[in-house]
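# Breakdown of the fold
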Amino acid sequence: MKPLLQADEAQALLDASIRGELPDERGRFGPFGGRYVPETLVPAFERLEAGVREHLHDAGFQQDLQRELREWVGRPTALTHAPRLSERWGTEVWLKREDLAHTGAHKINNAIGQALLAKRLGAQRVIAETGAGQHGVASAAACARVGLPCCVYMGTVDMQRQAPNVDRMERLGAEVVAVETGDKTLRAAIDEAMRKWVTDPSGIYYLLGSAVGAHPYPYLVRELQSVIGKEARQQMIDQAGGLPDVAFACVGGGSNSIGLFYPLLGDDIELIGVEAGGTGDGLGQNAATLATGTPGVLQGSYTIILQDDDGQVQETHSISAGLDYSGVGPEHALLQATGRVTYISATDDEALAALAELCEAEGILTALETAHAYAAAREWSKDNPGKRILIGNSGRGDKDMPTLTQYPPRIRTDASA
Ligand SMILES: *Cc1c(COP(=O)(O)O)cnc(C)c1O
């Protein structure tokens with residue numbers, strides 16, 4: 001495949017990104033991003049874009065948002081030193097604890113921000129889609145908090161493997177709509193939610209859960225999730241005595257990772273995104289979009305996607321519902337093309353082993369999604385003894401118990417195992 005960017009072009013785009021100039025006014029991150037949506041959806045997106053421009057950085061809105069993040073979400077989340085993991089790995093490991101945020105993952109940062117925005121824009125109700133169920137729970141909670149009814153679209157495959165979250169959403173007052181079409185996972189749920197949005201674009205606010213889709217969502221979600229990296233950067237300086245040598249985050253649509261990475265782009269820190277390697281390298285066996293995909297349009301955005309030679313989008317596999325998606329946010333496509341961020345993958349088995357190790361070493365039951373980042377960080381440590389590592393601990397694993405019970409716990413007693 002020929003390089004997507006010339007070297008000088010890549011450097012110029014990276015500099016623009018660090019200066020905060022991307023996306024451009026057309027919603028583009030260099031060659032990626034933009035807005036490829038049917039004519040019927042254009043007014044809805046334009047209305048949202050104008051609303052984001054008017055309110056997101058408005059002082060009054062920011063004041064409301066900061067108060068909710070502090071008092072209701074529980075921010076700042078902790079930065080935790082992991083001494084026993086550090087000893088095992090031979091590196092100095094620090095964890096940014098988004099699992100401690102309200103509802104158990106980073107998704108709440110975005111959900112409460114967009115719910116407040118929906119309120120400002122005068123929407124009467126909110127629709128959302130969900131994969132892992134975490135965004136659905138976060139949306140249901142955030143909508144209850146701001147007093148808006150919420151309807152969550154969810155693929156039936158995900159409903160099954162994330163049953164506790166379906167119950168949680170309903171208890172939080174949301175209506176859960178089962179999606180039987182397409183791959184019956186996140187991609188199909190997004191399509192259905194879009195279809196619903198067209199029917200009443202001014203009354204409905206569409207609360208998208210990751211840094212994906214057409215402009216302005218990748219920008220909006222990045223801005224709301226950047227609180228992770230801003231806090232972590234300062235906490236590393238205060239608690240660890242300096243910035244990390246490397247930061248790891250798992251990548252599904254790419255929201256927790258862009259939230260962690262974006263405020264670190266201008267620093268001398270290696271950034272590594274970790275995708276789902278699933279059960280193997282073949283199309284359909286994984287969700288390693290950036291590692292193995294090619295450019296194309298998915299759900300309104302020009303990005304890297306998993307498709308066959310005819311451009312048919314491929315179904316994906318991952319043990320973690322939150323990473324099981326055949327696209328990725330366009331900003332990650334740019335960051336990969338510029339070489340600033342490296343994207344690798346970890347398999348289902350590696351993620352399960354990493355999850356078990358973290359439980360045993362640090363008493364933290366992390367999400368299966370997050371476990372992929374640990375698996376990669378563990379490998380990296382072998383070649384980089386003594387280095388300081390920051391890991392984005394995107395969520396907690398309680399929601400994964402139905403999956404985890406299929407794998408008996410392995411008690412490790414040998415540090416080198
Ligand atoms: C949803 C989810 C992810 C993946 O989504 P991103 O948008 O890539 O962050 C990762 N971790 C957890 C815990 C999740 O719930």
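Throughout this document, residue positions are counted from 1 along each chain, in the order its sequence is written. Local features in this predicted model are restricted to residues whose pLDDT is 70 or higher, and side-chain atom pairs enter the listing and the counts only when it is 80 or higher, whereas totals over whole chains, interfaces and linings include all residues. For the side-chain quantities, the full set of heavy atoms in the structure was used; hydrogens and water were omitted.

### Describing the sheet that holds strand S6 (residues 150–155)
Overall, parallel pairing links the 4 strands, which are arranged S7-S6-S5-S8 in an open sheet. For this open sheet the edge positions go to strand S7 (175–179) and strand S8 (204–207), each flanked by a neighbour on one side alone. Within the sheet, the average angular offset between the axes of one strand and its neighbour, ignoring direction, is 25°. Here strand S5 (residues 125–130) pairs with S6 via 5 bridges, running parallel. Bridge pairing in S6 links Ala 128 to Val 152. Here, a strand pair is defined by DSSP locating no fewer than two bridges between the strands. Think of it this way: any DSSP run of H or I at least four residues long counts as a helix, any run of E at least two long counts as a strand, and we number them from the N terminus. Each axis is a line fitted through C-alpha atoms, taken for helices only over the stretch in contact, and angles between the N-to-C directions span 0 to 180 degrees.

### Focus on the side chain of Thr 316
By the element assignment, Thr 316 lies in the loop between strand S12 (301–305) and helix H14 (330–337). If we ignore the near neighbours within four places in the chain, the residues touching Thr 316 are Gly 284, Asn 286, Ala 287, Leu 306, Asp 324, Tyr 325 and Ser 326. We call two residues contacting when some pair of their heavy atoms lies within 4.5 Å.

### Concerning the nonpolar core
With 63 residues, the main nonpolar core has Ile 112, Trp 197, Tyr 205 and Tyr 206 as its most contacted residues. Sequence-distant contacts of Tyr 206, defined by excluding residues within four places in its chain, comprise Gln 114, Ile 127, Ala 128, Glu 129, Ile 190, Ala 193, Met 194, Trp 197 and Tyr 217. We define a nonpolar core as any set of buried Ala, Val, Leu, Ile, Met, Phe, Trp, Tyr and Cys residues linked to one another through side-chain atoms lying within 4.5 Å. Using a 1.4 Å probe on the protein chains alone, a residue whose accessible area is under 20% of its type maximum counts as buried, one over 50% counts as exposed, and one in between counts as partly exposed. If you look at the next biggest cluster of nonpolar residues, it comprises 37 residues, including Leu 22, Phe 32, Tyr 262 and Leu 390.

### Brief notes about the site of the ligand
Each residue is tested against the molecule or strand, and it is near if at least one of its non-hydrogen atoms lies within 4 Å. Within the structure, the ligand sits among 16 residues, and Lys 107, Ser 210, Gly 252, Gly 254 and Ser 255 are positioned closest to it. In protein, a polar contact requires one atom able to donate a hydrogen and another able to accept it; more generally it is a pair of N or O atoms within 3.5 Å, and residues adjacent in sequence count only if both atoms are side-chain atoms. Between Ser 255 and the ligand, the recorded distance is 2.7 Å, taken from a side-chain N or O atom to an oxygen atom. Asn 256 places a side-chain nitrogen or oxygen 2.8 Å from an oxygen atom of the ligand. Note on residue categories: nonpolar means Ala, Val, Leu, Ile, Met, Phe, Trp, Tyr, Cys or Pro, charged means Asp, Glu, Lys or Arg, and polar means any other residue, Gly included. Tallied by class, residues from the shell around the ligand come to 3 nonpolar, 11 polar and 2 charged. Both domain 1 (25–70 + 107–222) and domain 2 (74–104 + 226–404) contribute no fewer than three residues apiece to the shell around the ligand. All the domain ranges listed were derived from an automatic or database domain assignment.

### Some points on helix H2 (residues 42–55)
Given the number of residues in a helix, its expected span is that number minus one, multiplied by 1.5 Å. For H2, which comprises 14 residues, the first-to-last C-alpha distance of 20 Å matches the rise-based estimate of 20 Å (1.5 Å per residue) to within 8%. What H2 keeps buried is the set Ala 44, Phe 45, Leu 48, Glu 49, Gly 51, Val 52 and His 55. Buried residues of H2, seen end-on, are gathered within an arc of 165° and therefore sit on one face of the element. Seen from the open side of H2, the exposed residues pointing more than 90 degrees away from its buried face are Arg 53 and Glu 54. Lining the buried residues of H2 we find helix H3 (59–73), helix H5 (107–120), helix H9 (186–198), S8 and helix H10 (217–225). Here the arc refers to the directions that run from the helix axis out to each C-beta atom.

### A short note on the packing of aromatic side chains
Between 30 and 60 degrees the pair is tilted, below 30 it is stacked and above 60 it is edge-to-face, where a pair is any two Phe, Tyr or Trp rings, Trp via its six-membered ring, whose centres lie within 6.5 Å. Overall, the coordinates contain 7 aromatic pairs when judged by the stated rule. For the pair Phe 248 and Trp 380, a centre-to-centre distance of 6.0 Å together with 75° between the ring planes defines the contact as edge-to-face. Highlighted residues: Phe 248 in strand S9 (residues 246–250) and Trp 380 in helix H16 (residues 368–383), separated in sequence by 132 residues. According to the relative accessible area criterion, Phe 248 is buried, its value standing at 0%. One aromatic cluster is present, formed by Phe 45, Trp 197, Tyr 206 and Tyr 217 through successive ring pairs. Only when the NZ of Lys or the CZ of Arg is both within 6 Å of the ring centre and within 35 degrees of the ring normal is a charge said to sit over the ring. If you follow Arg 222 out to its NZ or CZ, it ends over the ring of Tyr 262, 3.8 Å from the centre.

### Examining the packing of H3 against H5
Between two packed helices, the angle of one axis relative to the other and the distance separating the axes together describe the packing. Running from N to C, H3 and H5 point in directions that differ by 140°, and their axes come no closer than 10 Å. With respect to H5, the axis of H3 lies oblique. When you trace H3 past H5, the crossing you get is right-handed. Seen from H3, the contacting residues are Gly 60, Phe 61, Asp 64, Leu 65, Glu 68, Leu 69, Trp 72 and Val 73; seen from H5, they are Ile 108, Asn 109, Ile 112, Gly 113, Leu 116, Leu 117 and Arg 120. Across the contact of H3 with H5, the residue classes break down as 9 nonpolar, 3 polar and 3 charged. For classification purposes, an angle smaller than 35 degrees is called roughly parallel, one larger than 145 roughly antiparallel, one from 65 to 115 roughly perpendicular, and anything else oblique. Take the far helix as your reference; a near helix turned counterclockwise from it by less than a right angle gives a left-handed crossing, and one turned clockwise gives a right-handed crossing.

### Quick word on the pattern of salt bridges
Throughout this description, the term salt bridge denotes a Lys or Arg side-chain nitrogen within 4 Å of a carboxyl oxygen of Asp or Glu. In total, this model carries 25 salt bridges according to the counting rule given. Linked by salt bridges that have partners in common, Asp 58, Asp 64, Arg 67 and Arg 120 make up one network.

### Structural notes on the domain arrangement of the chain
Domain assignment breaks the chain into domain 1 (25–70 + 107–222) and domain 2 (74–104 + 226–404). Each of domain 1 and domain 2 has a C-alpha centre, and these two points are 22 Å apart. Taken together, the contact between domain 1 and domain 2 spans 40 residues of the former and 44 residues of the latter. Defined in terms of a 1.4 Å probe, buried area is the accessible area two parts forfeit on being brought together, summed over both. For the domain 1 and domain 2 pair, buried surface summed over both sides reaches about 3,400 Å², with 58% attributable to carbon and sulfur atoms. A per-residue breakdown of the area domain 1 buries against domain 2 is headed by Phe 32, Arg 187 and Arg 222, which together make up 23% of the total.

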